[in-house]
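Observations on chain architecture
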Amino acid sequence: MNKKQAALARKQLERRLAPVRELKIISPPRGWMKAIREALGMTTRQLAHRMGAAPSRIPAIEKAEVSGATTIKTLREAAAAMNCTFVYAFVPIKPLDDILYERAAEKVGEDMTRLDHTMRLENQALLKSDLEAERRRLVESLLTDSARRLWDED
């Protein structure tokens, strides 16, 4: 994917993610599965029957949901058995472009710190304004290059 396509894909994804990021969904303490099942007045035996599972499996699945040890497939099956839609998403805590900019600034900051230190040792320190201008230039350069380089560990 070229840079323009990547930027467009990011923009479209961001449009989809923005409303979800604002929802601030808080899971019920005993899990979604148990909360919905109980709200529907459905017993573990009834849900097990609808899922085609053993009745003893339902409490185990509910506990596994809370601890994070269940599978997406199992949650999807439980949701379908309760006439629900299972929703699964990665929701960035801030806009994707902000995450990229912050990562670029972090990488450039590490390089600039080393460079500034070396130049000071050689009595060739740059003015603060020059350092800041160079920092901005390098961040923009890194963002225009492949985003994959942002995630390399040096």
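All of these numbers come straight from a predicted model, not from anything done at the bench.

Between helix H3 (residues 44-51) and helix H4 (residues 57-67), the least distance of the axes is 8 Å, while the angle of their chain directions is 90°. In terms of orientation, H3 and H4 fall into the roughly perpendicular class. Counted together, Thr44, Leu47, Ala48 and Met51 of H3 and Ile58, Pro59 and Ile61 of H4 form the full contact between these two elements. Here the contact of H3 with H4 is built from residues that sort into six nonpolar, one polar and no charged.

What follows concerns the pattern of salt bridges. What the rule picks out here adds up to eleven salt bridges. For Arg37, the salt bridge is made with Glu62, and the minimal N-O distance between the two is 2.6 Å. With Arg37 in helix H2 (residues 32-39) and Glu62 in helix H4, this pair connects stretches of sequence that are 25 residues apart. The exposure classification of Arg37 matches that of Glu62, with both residues buried. Here Glu134 ties to Arg137 by a salt bridge, and the two come within 2.7 Å at their closest N and O atoms. Of this pair, Glu134 and Arg137 both sit in helix H7 (residues 128-144), three residues apart, roughly one helical turn. A relative accessible area of 46% means that Arg137 is categorised as partly exposed.

Looking now at the environment of Glu110. By the element assignment, Glu110 lies in helix H6 (residues 96-121). Owing to a relative accessible area of 36%, Glu110 belongs among the partly exposed residues under this scheme.

Reading guide: rules and limits
Residues numbered from 1 in each chain as written. Predicted model: local features only at pLDDT ≥ 70, side-chain atom pairs only at ≥ 80, totals over all residues. Heavy atoms only, no water. Axes fitted to C-alpha atoms, helices over the stretch in contact; angles between N-to-C directions. Helix = DSSP H or I, 4+ residues; strand = E, 2+ residues; numbered from the N terminus. Parallel < 35°, antiparallel > 145°, perpendicular 65-115°, else oblique. Contact = heavy atoms within 4.5 Å. Nonpolar A, V, L, I, M, F, W, Y, C, P; charged D, E, K, R; others polar. Salt bridge = Lys/Arg side-chain N within 4 Å of Asp/Glu carboxyl O. Buried < 20%, exposed > 50% of the residue type's maximum accessible area, 1.4 Å probe, protein only.

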